[in-house]
Amino acid sequence: MQNRPLGRTALRIMPLVFGGNVFGWTADKATSFDLLDRFVEAGFNAIDTADSYSAWHPGNKGGESETIIGEWMKARGNRDKLVIITKCGWFGGLGAANVAKAAEASLARLQTDVIDLYLAHKPDPETPYETTLAAFAALIDTGKVRAIGASNLDAAQLADSIAAAKTAGLPRYDVLQPEYNLYDRKSYDGPLRDMCMAEDIGVITYFSLAKGFLSGKYRKAEDTQGSVRAARGGVDKYLNPRGFRILQALDDVAARHGAKPAEIALAWLIARAGVTAPIASATSLAQVESLIASARISLDPDDREQLDAASAEG
């Protein structure tokens, strides 16, 4: 299990990123500490969060995940061994003042002097790319951010951002964070994936398990009842013939490897050209062990062919 270069950045990460969206939501502080301890003990080094996590939970306002990660790093004294990824712009857009303010707030919550990878969380049609990239450049120049990227851009938007950076002499987005998994392939496969590979842009995927569907625990509508994450994520959209075909393929490949469906789904992403590492979260130590196992699975060509065929669109 080797670390991987993250696009053109100087960062290197292990082939799995821990998703911090659960911290302060479905994982309390004590549980979060235990999960993070086990993740890094297994040799992984990258943690993904955002200033908006987990504002959707009643009583939260955003920043809860960053706060827990910051407290954990301080308690463990391990900041220099980690790659911390966080995001801004979900609230307040990507104007220069908001980017600067958001970065300072994230640094304070994370109790660190530098953010390893800072992402624009979503497109801001009201703000030119040059404005946002200049704000990111200022953060890089002052040593508060090491590398930058963006989440949720399509191929045209990414191309426009690259062109804007070149024209203005500004740093470009060197990392993309798209939604991508065995079921949700259409938005990344094709022009966007081709561009990332051609431009050497690092890719860390979110919703890597299709909001939990690819774990195999949701196989009928009744299975989603009582699940906080399923209710928020809209898992019902996967309960269709294509979704069931993918689950069957996962079951088949998992049986051959003595693994779980979720582990195979992540292993497929880890092996996929154009993907640096998938993001996956966990709310129990058993789930963390499953994440660890996924990075040690080697799929053969027949495995990948079966999964690709089952997940093909149309």
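Everything here concerns the structure above.
Computed from a predicted structure; not experimentally measured. (Residues numbered from 1 in each chain as written. Predicted model: local features only at pLDDT ≥ 70, side-chain atom pairs only at ≥ 80, totals over all residues. Heavy atoms only, no water.)

*Asks:* Residues and numbers for the layout of surface pockets, please.
*Replies:* Where empty space is left can be seen by rolling a probe of water-molecule size over the atoms. Reported here for the second largest pocket is a volume of approximately 180 Å³. Along the walls of the second largest pocket sit Asp-51, Lys-61, Gly-62, Phe-91, Asn-98, Lys-101, Ala-102, Ala-105 and Arg-109, which together make up its complete lining. Of the residues in the lining of the second largest pocket, the class split is three nonpolar, two polar and four charged. (1 Å grid on protein atoms, 1.4 Å probe; cavity = no way out; pocket = protein on both sides within 12 Å on 5 of 7 lines; lining within 4 Å. Points joined across faces, edges and corners; volume = space filled by probe spheres on them. Nonpolar A, V, L, I, M, F, W, Y, C, P; charged D, E, K, R; others polar.)

*Asks:* I'd love a proper account of the sheet that holds strand E7 (residues 145–151), names of residues and values included.
*Replies:* With parallel pairing, eight strands are arranged side by side around a closed barrel as E3-E4-E5-E6-E7-E8-E9-E10. The mean inter-strand angle of the sheet, taken between neighbouring strand axes irrespective of direction, is 25°. Across three bridges, strand E4 (residues 46–48) lies against strand E5 (residues 83–88) in parallel orientation. Residue pairing in the sheet places Asp-48 in a bridge with Ile-85 of E5. Sitting on the sheet, helix H4 (residues 129–141) touches E5, strand E6 (115–120) and E7, and the angle it makes with E7 is about 155°. (Pairing = 2+ DSSP bridges. Helix = DSSP H or I, 4+ residues; strand = E, 2+ residues; numbered from the N terminus. Axes fitted to C-alpha atoms, helices over the stretch in contact; angles between N-to-C directions. Contact = heavy atoms within 4.5 Å.)

*Asks:* Just give me the short version of the pattern of salt bridges, but keep the residues and values in it.
*Replies:* Under the criterion given, the structure shown has 19 salt bridges. Across the pair Arg-109 and Glu-66 runs a salt bridge, and its minimum N-O distance is 2.7 Å. Pair noted here: Arg-109 is in helix H3 (residues 96–110) and Glu-66 is in helix H2 (residues 64–76), with a separation of 43 residues, a long-range link. We classify Glu-66 as buried; its relative accessible area is 0%. The partner of Glu-104 in a salt bridge is Lys-144, and the shortest N-O contact between them spans 2.3 Å. Of the two residues, Glu-104 is situated in helix H3 and Lys-144 in the loop between H4 and E7; the sequence distance between them amounts to 40 residues. When its relative accessible area of 38% is taken as the criterion, Glu-104 is described as partly exposed. What emerges from the salt-bridge pattern is a single network uniting Arg-8, Arg-172, Asp-174 and Glu-199. (Salt bridge = Lys/Arg side-chain N within 4 Å of Asp/Glu carboxyl O. Buried < 20%, exposed > 50% of the residue type's maximum accessible area, 1.4 Å probe, protein only.)

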